[in-house]
Amino acid sequence: MAKRALITGITGQDGSYLADHLLEQGYEVFGMVRRSSTETLGRVAHLQDRVEFLQADLLDQASLDRAVQDAAADEIYNLAAQSFVPTSWSQPSLTGEFTGLGVLRLLESVRKLDPRARFYQASSSEMFGKVREVPQNELTPFHPRSPYAVAKTFGHHITVNYRESYGLYAVSGILFNHESPRRGREFVTRKITDAVARIKLGLAGELRLGNLDAQRDWGYAGDYVRAMHLMLQQPEPGDFVIATGRTHSVREFLEIAFGHAGLKWEDHVVQDPRYMRPAEVDQLRGDAGKARRELGWEPTVSFEQLVTMMVDSDLALLGG
Ligand code: NAP
Ligand code: F7E
């Protein structure tokens, strides 16, 4: 019989790639969506006939209970969150509710109603924040630097705690930044590739950005959802860092993205204090050695391939 998976956050970047991957693996896929007055299924439009959507919200325990019961899933992937770091300073309580307490609510539903399900929590490299060591691995202490990161740190610890308290098969994937043509346009990578396409096609002239010296360990989302699935196939539950092990600056991203379209970034980029953050994380670089050894996981897309894939996709979307 086909395995059943429930994905929260299926309308997001990762949820859509994970749904693609699990359907390819022969899973029956259930996707949790929240009510909205406008359509949010754009990223999963190609899967509408193959996924069963269940309406629920991370703020509403009864709706989560129902979704967990109806899906009767073998594997539950909790990808839903308020995931944009700057919004976590302007809406800190909401971020705590969605990104922190939402994890606890879902774990409660699993504990009460489907404790044999395997549970994946989407944790983040942002938990390392003001880093204690470079590169960061599963044993590196956390020092979160934004309300988002604080909420994710709660989500991580409560996942480990439910594993230890109730014997749930619950794992936390500590994923470094991963991007794709399906990335939201507010995140710096997609903001840049979307602007490159607009500038190239004469639809825009400038791009306003914040800290160009910020560095990230950027990988490809399609590679990272494979790791999520692998984590739930292990004999024992455990936590894993997923990263490329290479760091690049926003400036390097600009250089490749604009260069790929035959443009010079210096002619178009304007630094704007509005996009600076109250606290920055500077030296994120992941050590995915445990995932390589125990999951056999490797990233397949290089930084250059990622940037050019995103520029090409945005050019195509705009008809270029
Ligand atoms: P994303 O594109 O922002 O997607 C977030 C998803 O969460 C959307 O489907 C959104 O639904 C849903 N959601 C938000 N609030 C909700 C609520 N109250 N109830 C139900 N659903 C809700 O994020 P992503 O990049 O795919 O990331 C997936 C997860 O991994 C997130 O938890 C993120 O924090 C974490 N993460 C991401 C990265 C990364 O680099 N991408 C790295 C580490 C960890 P709507 O469509 O209705 O808004
Ligand atoms: O920022 C700098 C900014 O918003 C990356 C989320 O998926 O990954 C993501 O969080 C860097 C920061 O992603 C702009 O200061 C400069 O240093 O693309 P971002 P993020 O904050 O790293 C982690 C792992 C997650 O878990 C999150 O959910 O780029 N930057 N100028 C800018 N960033 C933005 N957004 N906009 C700018 O104009």
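Keep in mind the model is a prediction, meaning the values are calculated, not measured.

Peer 1: Just checking my understanding: could you explain the overall build of the chain for this structure?
Peer 2: The number of helices and strands found in the chain is 10 helices and 13 strands. In summary, the chain has a C-alpha radius of gyration of 19 Å against a globular reference of 20 Å for 320 residues, a match within 12%. Out of the 320 residues in the chain, the part that is buried amounts to 55%. Expressed as a percentage of contacts within the chain between residues at least 6 apart in sequence, the contacts between residues at least 24 apart total 78%. Accessible area for the chain stands at about 13,800 Å²; split by element, carbon and sulfur atoms hold 47% of it. Averaging the locations of the 36 positively and 42 negatively charged side chains of the chain gives two centres separated by 2 Å.

Peer 1: So what exactly am I meant to see when it comes to the packing of helix α8 (residues 250–260) against helix α10 (residues 303–317) here?
Peer 2: In helix packing, the relevant descriptors are the interaxial angle and the interaxial distance, both defined with respect to the helix axes. For the pair α8 and α10, interaxial distance at closest approach is 9 Å and the crossing angle is 50°. By the angle class used here, α8 and α10 are oblique. Both α8 and α10 take part in a crossing whose hand is right-handed. On α10, the residues that touch Glu252, Phe253, Ile256, Ala257 and His260 of α8 are Phe303, Glu304, Val307, Thr308, Val311 and Asp312. Among the residues forming the contact of α8 with α10, the class breakdown is six nonpolar, two polar and three charged.

Peer 1: I keep staring at a nonpolar patch on the surface and nothing clicks. Help me out?
Peer 2: Taken together, the side chains of Leu201, Leu203, Leu317 and Leu318 make up a nonpolar region of the molecular surface, amounting to roughly 350 Å² of accessible area. Mapped onto the fold, Leu318 is located in the segment after α10. We classify Leu318 as partly exposed; its relative accessible area is 30%.

Peer 1: What exactly am I supposed to notice about α10 here?
Peer 2: Spacing of three or four residues puts side chains on the same side of an α-helix, whose turn is 3.6 residues. Here α10 spans 21 Å end to end across 15 residues, near enough to the 21 Å set by a 1.5 Å rise per residue. Buried positions along α10 lie against β7 (178–179), α6 (188–200), β10 (219–220), β12 (248–249) and α8. Just downstream of α10, Gly319 is the residue with a positive phi angle, here 85°.

Peer 1: I keep staring at the site of ligand 2 and nothing clicks. Help me out?
Peer 2: Neighbouring ligand 2 are 23 residues, the closest being Ser83, Ser124, Tyr148, Arg277 and Glu280. A distance of 2.9 Å separates an oxygen atom of ligand 2 from a polar atom in the side chain of Arg183. With respect to ligand 2, the backbone of Gly210 contributes an N or O atom lying 2.8 Å from a nitrogen atom. Protein coverage of the free-state accessible area of ligand 2, which is 700 Å², stands at 95%. Secondary structure elements with two or more residues in the shell around ligand 2: α6 and β8 (207–209). Classifying every residue of the shell around ligand 2 by side-chain character gives nine nonpolar, six polar and eight charged. Taken together, domain 1 (4–178 + 220–242) and domain 2 (185–216 + 248–284 + 303–317) each give at least three residues to the shell around ligand 2, which thus spans both.

Peer 1: Can you help me understand the packing of α6 against α8 in this one?
Peer 2: Orientation of α6 relative to α8, taken along the N-to-C sense of each, is 30°, at an axis distance of 10 Å. Compared by their axis directions, α6 and α8 come out roughly parallel. Seen along the crossing, α6 lies across α8 with a hand that is right-handed. Residues Val188, Thr189, Ile192, Thr193, Val196 and Ile199 of α6 form the contact with α8, whose own contacting residues are Val250, Phe253, Leu254, Ala257 and Phe258. Tallied by class, residues from the contact of α6 with α8 come to nine nonpolar, two polar and no charged.

Rules used in this analysis
Residues numbered from 1 in each chain as written. Chains lettered and ligands numbered in written order. Predicted model: local features only at pLDDT ≥ 70, side-chain atom pairs only at ≥ 80, totals over all residues. Heavy atoms only, no water. Helix = DSSP H or I, 4+ residues; strand = E, 2+ residues; numbered from the N terminus. Rg over C-alpha atoms; globule rule 2.2 N^0.38 Å. Buried < 20%, exposed > 50% of the residue type's maximum accessible area, 1.4 Å probe, protein only. Contact = heavy atoms within 4.5 Å. Areas by Shrake-Rupley, 256 points an atom, 1.4 Å probe, with all protein chains shown as cover. Lys, Arg positive; Asp, Glu negative; His and termini not counted. Charge placed at Lys NZ, Arg CZ, Asp CG, Glu CD. Axes fitted to C-alpha atoms, helices over the stretch in contact; angles between N-to-C directions. Parallel < 35°, antiparallel > 145°, perpendicular 65-115°, else oblique. Left-handed = near helix turned anticlockwise from the far one by under 90°. Nonpolar A, V, L, I, M, F, W, Y, C, P; charged D, E, K, R; others polar. Patch = residues over 30% accessible without salt bridge, like charges linked within 9 Å, V, L, I, M, F, W, Y side chains within 5 Å. Salt bridge = Lys/Arg side-chain N within 4 Å of Asp/Glu carboxyl O. Expected span 1.5 Å × (residues − 1). Near = heavy atom within 4 Å. Polar contact = N/O pair within 3.5 Å; in protein donor to acceptor, adjacent residues only side chain to side chain. Domains from an automatic or database assignment.

So, to be careful, I would describe these as geometric facts and stop short of saying anything about function.
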